[in-house]
Amino acid sequence: MSLKSQLFLFSLILLLGGCAADGQFDTGKALNISAGALQASLLDKQSVKMAASLTAKELDGKNVIAAASTPYAVRLTKLTGNLHNYDGLNLNFKVYMSPEINAFAMADGTVRVYSGLMDLMPDDQLLAVLFHEIGHVKQNHSYDQMKKALLTNVAFDAAGSVGGTIGSLTSSQLGLLANAAINARFSQADELESDRYAFRALKQTNRDPYAMKRSIETLQTLSGSGGGFLSSHPTNQTRIDAIVKEIGRM
Ligand SMILES: [Zn+2]
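Quick caveat: nothing in here was measured; it's all calculated off a predicted structure.

Novice: Where do I start with the environment of S194 in this structure?
Specialist: Tracing the backbone through its elements, the reader meets S194 in helix α10 (residues 188-204). Considered as a pair, S194 and H136 are 58 residues apart in the sequence and their alpha carbons are 5.9 Å apart. Contacts of S194, omitting those with residues within four sequence positions, involve H132, G135, H136, Q139 and H141.

Novice: What exactly am I supposed to notice about the sheet that holds strand β1 (residues 92-96) here?
Specialist: Strand pairing in a sheet relies on backbone hydrogen bonds, with the paired strands running either antiparallel or parallel. Taken in spatial order, the three strands of this open sheet run β1-β3-β2, and their pairing is mixed. The strands lining the two open edges of the sheet, one partner per strand, are β1 and β2 (103-105). Each strand axis lies, on average, 15 degrees off the axis of its neighbour in the sheet, ignoring direction. As paired elements, β1 and strand β3 (residues 110-114) share five bridges and run parallel to each other. Directly across from N92, in β3, lies its bridge partner T110. In the packing of helix α6 (residues 123-138) onto the sheet, contacts are made with β2 and β3, and the angle to β2 comes to roughly 25 degrees.

Novice: What exactly am I supposed to notice about the nonpolar core here?
Specialist: Nonpolar side chains tend toward joint burial in soluble globular proteins. Counting residues in hydrophobic clusters, the biggest one holds 52 residues, and the most contacted among them are L130, F131, M146 and L202. Here this core takes eight residues from α6, the largest share from any one element.

Novice: Just checking my understanding: could you explain unusual backbone geometry for this structure?
Specialist: Only a minority of non-glycine residues have a phi that is not negative, and only a minority of peptide bonds are not trans. One non-glycine residue with positive phi stands out, namely D87, at about 55 degrees. Looking at D87, the number of C-beta atoms within 10 Å reads 14, which means it is partly exposed. Phi at N140 takes a positive value of approximately 65 degrees, unusual for a residue other than glycine. Residue placement: N140 occurs in the loop between α6 and α7 (141-153).

Novice: In this structure, what is going on with the packing of helix α3 (residues 45-62) against α7? I would like to understand it.
Specialist: If you want to describe how two helices pack, look at the angle between their axes and the distance between the axes. Running from N to C, α3 and α7 point in directions that differ by 85 degrees, and their axes come no closer than 10 Å. The angle between α3 and α7 falls in the class roughly perpendicular. When α3 is examined against α7, the residues K45, V48, A51 and A52 are found in contact with a partner set consisting of Y143, M146, K147 and L150.

Novice: Is there a simple way to explain the confidence of the model for the chain in this structure?
Specialist: Do not read the predicted coordinates in detail wherever pLDDT is low. Taken over all residues, the pLDDT of the chain has a mean of 84, while the share at 70 or more is 80%. pLDDT under 50 marks residues 1-31. Its contacts with residues more than four places away, or in other chains, come to 26 contacts.

Novice: Honestly, the packing of α6 against α10 in this entry has me stumped. Any pointers?
Specialist: Two numbers describe how α6 lies on α10: the axes approach to 8 Å, and their chain directions differ by 120 degrees. Our classification of the angle between α6 and α10 gives oblique. When you trace α6 past α10, the crossing you get is right-handed. For the pair α6 and α10, contact is made by L127, A128, F131, H132, G135, H136 and K138 and by E193, S194, D195, Y197, A198, A201 and L202, respectively. Here the residues of the contact of α6 with α10 are counted per class, giving seven nonpolar, four polar and three charged.

How each quantity is defined
Residues numbered from 1 in each chain as written. Predicted model: local features only at pLDDT ≥ 70, side-chain atom pairs only at ≥ 80, totals over all residues. Helix = DSSP H or I, 4+ residues; strand = E, 2+ residues; numbered from the N terminus. Contact = placed C-beta atoms within 7 Å. Pairing = 2+ DSSP bridges. Axes fitted to C-alpha atoms, helices over the stretch in contact; angles between N-to-C directions. Core = buried A, V, L, I, M, F, W, Y, C linked by C-beta atoms within 7 Å. Buried ≥ 20, exposed ≤ 12 C-beta atoms within 10 Å, placed from the backbone. Parallel < 35°, antiparallel > 145°, perpendicular 65-115°, else oblique. pLDDT = per-residue confidence, 0-100. Left-handed = near helix turned anticlockwise from the far one by under 90°. Nonpolar A, V, L, I, M, F, W, Y, C, P; charged D, E, K, R; others polar.

Structure representation (structure tokens):
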């Protein structure tokens, strides 16, 4: 079910819930509560992106970021120097110094890669992973994910403005949103769509599109050793098969 239809159902349930015990419809109560649901549905793109930026800032403050002169930052800049406005997006890239094998992106165009992942992959595979993450931004997967995390973790009441609520998110709320972004579980369709985005982007930038396949094979050698980024849904083999089939048709 789409989020929109969920919200509609939610409002409907609240409206029905607004009926007074004696069978009289309690309009005041119904309007009040559905206004809250309405507020949530007003979570527009700008508000969600603002939440993503605040979450990124919180995360950047809690991680060790590779300084510009370090080999990790130099390597990332070399790979992404011409991607800051790729495909109409406003992207920013940083390396987190951590042995974790992970990378993630957020709705505002934040892309972060952990040094552990950089150690594992040659440039072409690393770029494939970055394009895969950019695909999640471009195709609004990161947006939908942040919106869902906001609705799950933050109370939007009828009294306050959406922007005001997001502007005053606490550190612990931002922590919950950060956790949702770092450990994002996308649907099978979203993952395959981002793989497709990545190998097309590789081809468009005159690189070998099969680097996307190789990056999954590299992760596959480690699977079983961790969750999150490493636990692929769909399976690695499903992703590889789809990539090979679709590149063949390009
Ligand atoms: Zn993904």
